[in-house]
Amino acid sequence: MPVCRVPILTDSRFAVAMNYRHAFHAGNFADVFKHAILLELLDALTAKAKPLCYFDTHAARGRYALDEVEAGRTGEWREGIGRLFNAPSTPAPLQRYVAAIHACNPDGSLRTYPGSPLLAANALRANDRLILCESQPDEAAALRRLLRNDSRAHVHTRDGYAALHALLPPTEHRGLVLIDPPFETQDNDFAAIEAALAQAHARWPSGVYAVWYPIKSHRTLAPFHRHFAQGPFDRALVAELLVYPDDSPLRLNGCGMLIANPPWKVDVALANLLPALQQALVRSPAAAQRLHWLRGD
Ligand SMILES: C[S@@+](CC[C@H](N)C(=O)[O-])C[C@H]1O[C@@H](n2cnc3c(N)ncnc32)[C@H](O)[C@@H]1O
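So, here's what we can say about the structure.

About the thresholds
Residues numbered from 1 in each chain as written. Predicted model: local features only at pLDDT ≥ 70, side-chain atom pairs only at ≥ 80, totals over all residues. Heavy atoms only, no water. Helix = DSSP H or I, 4+ residues; strand = E, 2+ residues; numbered from the N terminus. Rg over C-alpha atoms; globule rule 2.2 N^0.38 Å. Buried < 20%, exposed > 50% of the residue type's maximum accessible area, 1.4 Å probe, protein only. Contact = heavy atoms within 4.5 Å. Areas by Shrake-Rupley, 256 points an atom, 1.4 Å probe, with all protein chains shown as cover. Lys, Arg positive; Asp, Glu negative; His and termini not counted. Charge placed at Lys NZ, Arg CZ, Asp CG, Glu CD. Near = heavy atom within 4 Å. Polar contact = N/O pair within 3.5 Å; in protein donor to acceptor, adjacent residues only side chain to side chain. Phe/Tyr/Trp six-rings, centres within 6.5 Å; stacked < 30°, edge-to-face > 60°. Lys NZ or Arg CZ within 6 Å of the ring centre and 35° of its normal. Arc of directions from axis to C-beta.

## Observations regarding the overall build of the chain
Phase 1 of the analysis: Looking only at helices and strands, one finds ten helices and ten strands in the chain.
Phase 2 of the analysis: A compact globule built from 297 residues would reach a C-alpha radius of gyration of about 19 Å, and the chain, at 18 Å, matches this within 12%.
Phase 3 of the analysis: Across its three principal axes, the chain shows a C-alpha extent of roughly 45 × 45 × 40 Å.
Phase 4 of the analysis: By residue count, 56% of the 297 residues in the chain fall in the buried class.
Phase 5 of the analysis: Within the chain, contacts between residues at least 6 apart in sequence are counted, and of these 75% link residues at least 24 apart.
Phase 6 of the analysis: By element, 52% of the accessible surface of the chain is carried by carbon and sulfur atoms, the whole surface being about 12,300 Å².
Phase 7 of the analysis: Counting 31 positive and 29 negative side-chain charges, the chain places the centres of these two groups 3 Å from one another.

Below, the structure is given as structure tokens:
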């Protein structure tokens, strides 16, 4: 049976989901994990003055209303950003991320959750650039509307992997590629990522690449990790968070981010961030996090 990355109705079992819509999952624990790491990467890259390019291969619509029917149907955000937004205190490593979500909800009431393109647009500087790819035309149109007044942002309604091949290297020669596919057909997505990153490395070996992936069981991830342990990048770091034990192949137990060419000291920042994420998002006593180098350092 094909599996989707997160089910439409509940995250306790997987369902076939054609036409994945991120609105059902916006702000869930996987988004919190992904977006907190994304901000660490962008902050590390913007520490240097030179302009950079942010390239989102799977951008989706960029902003979600948590009181609309999709997010309301699953309620996944309640176990993600819902646990952090109004918490009486925020652990130091999560303050940057929580402040970014507050900036999108200036009246202090959690109604809006920003997607990766909006978080990146807010974190980047006037001379940086965003290339945002989304294959579903209505999602891409919504993203274009959202960023219509932002001349740094270029929205492409196209396949993100093909765009990588066509548009790398960026003229800035510095930057970050986020690869965040829906994982509707899991094996195909891992194979597509490996192929895309082989081509991307050939065109732009010094780029920073961050790949989000779901964890059902670690056993099934071993070939993906082995692949990047052998190259093509000289340095590859993996951050993972399990909110459930990884003993049920039918549930999204956790997620990971593979980072090729991580910026300087990001491993130190993530070593502080991951325990704070685990503490905030735990759903089982068997929750766990880990950070390890697949290659380099
Ligand atoms: C997980 S969502 C992205 C969420 C977004 N990165 C964020 O963090 O806010 C995946 C998106 O990829 C889109 N998509 C699926 N296959 C694609 C492809 N080959 N190229 C570009 N977009 C694709 C889906 O329509 C969906 O909107």
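## Things to note about the site of the ligand
Phase 1 of the analysis: Around the ligand, a shell composed of 20 residues is seen, among which His58, Glu134, Asp159, Gly160 and Asp180 lie nearest.
Phase 2 of the analysis: One of the side-chain nitrogen or oxygen atoms of histidine 35 is found 2.8 Å away from an oxygen atom of the ligand.
Phase 3 of the analysis: The contact in question runs from an oxygen atom of the ligand to an N or O atom on the side chain of glutamate 134, over 2.6 Å.
Phase 4 of the analysis: Computed on the free molecule, the ligand has an accessible area of 600 Å², of which 93% lies beneath the protein chains in the complex.

## A look at the side chain of threonine 74
Phase 1 of the analysis: Here threonine 74 is to be found in helix 2 (residues 69-74).
Phase 2 of the analysis: Residue classification places threonine 74 among the buried positions, given a relative accessible area of 16%.
Phase 3 of the analysis: A distance of 2.6 Å separates a polar atom in the side chain of threonine 74 from the backbone oxygen of phenylalanine 24.

## Quick notes on the environment of aspartate 180
Phase 1 of the analysis: Position of aspartate 180 among the secondary structure elements: in the loop between strand 6 (175-179) and helix 8 (186-203).
Phase 2 of the analysis: Taking the relative accessible area as the measure of exposure, aspartate 180 reaches 8% and is therefore buried.
Phase 3 of the analysis: For the pair formed by aspartate 180 and arginine 148, sequence separation is 32 residues and the distance between their alpha carbons is 23 Å.
Phase 4 of the analysis: Engagement of the side chain of aspartate 180 in a polar contact is seen with the side chain of lysine 34, the distance being 2.6 Å.

## Thoughts on the environment of alanine 196
Phase 1 of the analysis: Here alanine 196 shows up in helix 8.
Phase 2 of the analysis: Residue classification places alanine 196 among the buried positions, given a relative accessible area of 7%.
Phase 3 of the analysis: The residues contacting alanine 196, other than those within four sequence positions of it, are Tyr161 and Leu164.

## Re helix 5 (residues 116-123)
Two residues of an α-helix separated by three or four positions point the same way, owing to the 3.6 residues in each turn.
Phase 1 of the analysis: Counting buried positions along helix 5 yields seven of eight residues, so the element is predominantly enclosed.
Phase 2 of the analysis: Those residues of helix 5 that fall on the buried side of the exposure criterion are Ser116, Pro117, Leu118, Leu119, Ala120, Ala121 and Ala123.

## Brief notes about the packing of aromatic side chains
Phase 1 of the analysis: Applying the stated criterion across every chain, the model contains eight aromatic pairs.
Phase 2 of the analysis: On the numbers, 6.0 Å between centres and 65° between planes, the contact of tryptophan 204 with tyrosine 209 is edge-to-face. Tyrosine 209 carries the same exposure label as tryptophan 204, and that label is buried.
Phase 3 of the analysis: One aromatic cluster is present, formed by Phe183, Phe190, Trp212, Tyr213, Phe224 and Phe228 through successive ring pairs.
Phase 4 of the analysis: Sitting over the ring of tyrosine 244, arginine 251 keeps its end group 4.2 Å from the ring centre.

## Brief notes about the environment of phenylalanine 55
Phase 1 of the analysis: Looking at the element boundaries, phenylalanine 55 is found in strand 1 (residues 53-56).
Phase 2 of the analysis: A relative accessible area of 1% places phenylalanine 55 in the buried class.
Phase 3 of the analysis: Each C-alpha atom, one on phenylalanine 55 and one on leucine 237, is 19 Å from the other, the two residues being 182 residues apart in sequence.
Phase 4 of the analysis: Ignoring sequence-local partners within four residues, the contact set of phenylalanine 55 consists of Ile131, Cys133, Gly160, Ala163, Leu164, Leu167, Leu168, Leu176, Val177 and Leu178.

## As for helix 6 (residues 137-146)
Phase 1 of the analysis: Within helix 6, burial applies to Glu139, Ala140, Ala142 and Leu143. Relative to the axis of helix 6, the buried residues are bounded by an arc of 160° and lie together on one face.
Phase 2 of the analysis: Those residues of helix 6 hidden inside the fold are in contact with helix 5, strand 4 (129-133) and strand 5 (153-156).

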